[in-house]
Amino acid sequence: MNKKVGKILTAAAAGAAVGVAVKKLQDGRKEKEDERIAAIEEAVMNNRDYGDRKAYLVGGGLATLAAAAYLIRDCRFPANQITVYEGMHILGGSNDGIGTPEQGFVCRGGRMLNEETYENFWELFGSIPSLRQPGHSVTEEILEFDHAHPTCAKARLVDKDGNILDVKSMGFNQADRMALLKLLMTDEKKLDNLTIQDWFKETPHIFETNFWYMWQTTFAFQKYSSLFEFRRYMNRMIFEFSRIETLEGVTRTPLNQYDSVIRPLETYLRKAGVNFRENCEVTDIDFTDGPGITAKTLYLKKKVESADDSGGEADAPAETSYVTEEVQLNKSDICIMTNACMTDSATLGSLYKPAPAPEKKPISGELWAKVAGKKPGLGNPEPFFTKPEETNWLSFTVTCKGDDILKTIENFTGNVPGSGALMTFRDSSWLMSSVVAAQPHFVNQPADQTIFWGYGLHTEAIGDYVKKPMKDCTGQELLNEYLHHLHIPEDRIAELMKTVINVIPCYMPYVDAQFEPRKMSDRPPVIPAGSTNFAMVSQFVEIPEDMVFTEEYSVRAARIAVYGLLDVKKKICPVTPYNRQPKILLKALKKSYL
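Bear in mind the structure is a predicted one, so any value in this text is a computation, not a measurement. (Residues numbered from 1 in each chain as written. Predicted model: local features only at pLDDT ≥ 70, side-chain atom pairs only at ≥ 80, totals over all residues. Heavy atoms only, no water.)

Draft legend 1. Quick peek at the packing of helix 14 (residues 475–485) against helix 15 (residues 490–497). Closest axis-to-axis distance for the helix 14/helix 15 pair is 11 Å, and the angle between their directions is 140°. Between helix 14 and helix 15, the crossing angle belongs to the class labelled oblique. Crossing hand, helix 14 versus helix 15: right-handed. Where helix 14 abuts helix 15, its residues Q476, L479, N480, L483 and H484 lie against E490, I493, L496 and M497. (Axes fitted to C-alpha atoms, helices over the stretch in contact; angles between N-to-C directions. Helix = DSSP H or I, 4+ residues; strand = E, 2+ residues; numbered from the N terminus. Parallel < 35°, antiparallel > 145°, perpendicular 65-115°, else oblique. Left-handed = near helix turned anticlockwise from the far one by under 90°. Contact = heavy atoms within 4.5 Å.)

What follows is the structure, given as structure tokens:
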């Protein structure tokens, strides 16, 4: 009997070995075929003659900058025939970071990168030179920094009494697990307009679990957010599910995303010869009549500032006026438009002033609305930009002399700056969280200054210590509320406040707009059906299987747009199917039962 079993096992092992060998052979053949196709495509691109063909990129955020890089790198498109229009005075879109030592620094938000799931981001920035490490790419710089400064949060959730909670357990009951499993197995085409709380109405217990508080504040979900997006995050980030309490999967940049990501990319594009027109808003786009989608005219509004020469004060502010302009596209030209931006209409406050209510409409959302009304298949901005009471949250950036406040946070959490990722006050009425990055966080930040960033999801709620809605609070009041949640004595808070240079609140009315409940058809494809020269890129286009509110989504959209419009045969990095890998799924399953 034992001999028979041994023969069976030997045969099985031999069969498995053969299977592995065949798989390796097939993979080797595929790799060689991919290399052959890439070589052919490279030769084709090197021999293309674009003549006077031009590329017009609307918006100066990561997506359009990435599109410009793909045009130059992969299409050999003449850089001096690429123009980027940006309505603000600075590029970067939502990847911002700015300030001075005297006035303090500000990040409207922080974008957490992920080594495992940002496939196209890492590939692109592997070809963008680092500004701080000659001979290195941006990808190498970021990953080397991150590996040297690993994330392992020791205070992910804190309760109202200042206790750091043990969050190794997700806190699920069986009904929670079954509802999650059913969601992951449900075709998303059946989820039009559904919210997260719609799905879990029979098991509301899930909203009291460690999982929900961590998942919600890591990714900025609300109970009324789109079920589409929640499901996609569960599938795309299943790799991180088993370690969500430590946030070990967070990949941090050496500095803020503007300095670490946007500036190197902008420098690369400017050196190549790309044309940039800042303070120049594209207010409308016209298309040719008849079937199909062909962009033919861009309508521009350029800001012009002129000094006051009427004999008044020498330092009087310049008067702002605008000039309009039209750009006619030739049939061979292409147009790639940012159809929405989550940080549109954001406002800033200061230490003694709250961030004011927005007066400006979302310029990119307004453009999208105009464009969508002219041709079918260009999406529907209405679900995303009509409920700022649902889509807003407020962040604040604290700039200090010395490191007294950061040392206080470090002593509380056990995390040195840059190692802890997110800390959330679970019982805070504002659902307040904070991030302390490695210092310095800005390229022009002095060695004797420190900064940290926080945000709250419930801006209408009255504070637990400052009895005002979060959105009405000054920077000083926001920091006061934060320090009280650390249960610091009043006299010590007064001492710490003396080290503060500024606390800048930032109110963003549409920062969660991409998570609003929607129909599958509300987000347009990157290249709409029937388009001959027009594409859209942003967090508001539809890319199957991928998740919004990420750097990867912007870069992937840019690559799809460029390769599609210019008929490039090169491979776009696919979404890695971690949700179909047995080892990853087993880890997630085990985690759900802790």
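After that view of the structure, there is still more to cover.
Draft legend 2. Main features of empty space enclosed by the protein. Using the criterion set out here, one finds 2 cavities of 30 Å³ or more in the structure. Space inside the largest cavity adds up to approximately 680 Å³. Taken together, 44 residues line the largest cavity, and the ones lying closest to its centre are G110, R111, M112, T218 and R252. Of the residues forming the lining of the largest cavity, the biggest block, 4 residues, is contributed by strand 17 (residues 449–456). Of the residues in the lining of the largest cavity, the class split is 25 nonpolar, 13 polar and 6 charged. Looking at the second largest cavity, its volume works out to about 140 Å³. Every residue lining the second largest cavity is counted, 18 residues in all, and those nearest its centre are I409, T413, N415, G420 and V436. Broken down by secondary-structure element, the contributors of at least two residues to the lining of the second largest cavity are helix 13 (404–413), strand 15 (422–425) and strand 16 (432–435). Residue classes in the lining of the second largest cavity are distributed as 11 nonpolar, 5 polar and 2 charged. (1 Å grid on protein atoms, 1.4 Å probe; cavity = no way out; pocket = protein on both sides within 12 Å on 5 of 7 lines; lining within 4 Å. Points joined across faces, edges and corners; volume = space filled by probe spheres on them. Nonpolar A, V, L, I, M, F, W, Y, C, P; charged D, E, K, R; others polar.)

Draft legend 3. Up close: the nonpolar core. Among the nonpolar cores identified, the biggest contains 137 residues, and F211, W215, F230, I285, I336 and F534 are the most heavily contacted of them. Considering every element that reaches this core, the biggest residue donor is helix 2 (residues 62–75), with 11 residues. In contact with F211, other than residues within four places in its own chain, are M170, F172, I206, Q216, F230, M234 and F241. (Core = buried A, V, L, I, M, F, W, Y, C linked by side-chain atoms within 4.5 Å. Buried < 20%, exposed > 50% of the residue type's maximum accessible area, 1.4 Å probe, protein only.)

Draft legend 4. Main features of the layout of surface pockets. Of the voids in this model, the second largest pocket is the one considered here, and its volume is about 380 Å³. Around the second largest pocket sit 18 residues that line it, and L181, L184, A588, L589 and S592 are the ones nearest its centre. Elements represented by at least two residues in the lining of the second largest pocket include exactly helix 5 (174–185), helix 8 (227–236), helix 9 (238–241) and helix 17 (582–592). The element contributing the most residues to the lining of the second largest pocket is helix 5, with 6 residues. Classifying every residue of the lining of the second largest pocket gives 13 nonpolar, 4 polar and 1 charged.

Draft legend 5. Broad picture of the packing of helix 5 against helix 8. Between helix 5 and helix 8, whose axes approach to 10 Å, the crossing angle comes to 95°. Overall, the two elements helix 5 and helix 8 adopt an arrangement that is roughly perpendicular. Counted together, L180, L183 and L184 of helix 5 and L227, F230, R231, M234 and N235 of helix 8 form the full contact between these two elements. Looking at the contact of helix 5 with helix 8 residue by residue, the classes come out as 6 nonpolar, 1 polar and 1 charged.

Draft legend 6. Fine view of the pattern of salt bridges. Summed over all chains, the structure comprises 35 salt bridges. Note that E123 and R559 form a salt bridge whose closest N and O atoms lie 3.4 Å from each other. In this pair, E123 sits in helix 3 (residues 119–125) while R559 sits in helix 16 (residues 551–565), placing the two residues 436 residues apart along the sequence. Taking the shortest distance from any N to any O, the salt bridge between E229 and R518 comes out at 2.9 Å. Here E229, found in helix 8, pairs with R518, found in the loop between strand 18 (500–508) and strand 19 (534–537); they are 289 residues apart in sequence, far enough to count as distant. No difference in accessibility class separates E229 from R518, as the two residues are buried. Through salt bridges with shared partners, a single network forms among E188, E229, R231, R232, R518, R523 and E542. (Salt bridge = Lys/Arg side-chain N within 4 Å of Asp/Glu carboxyl O.)

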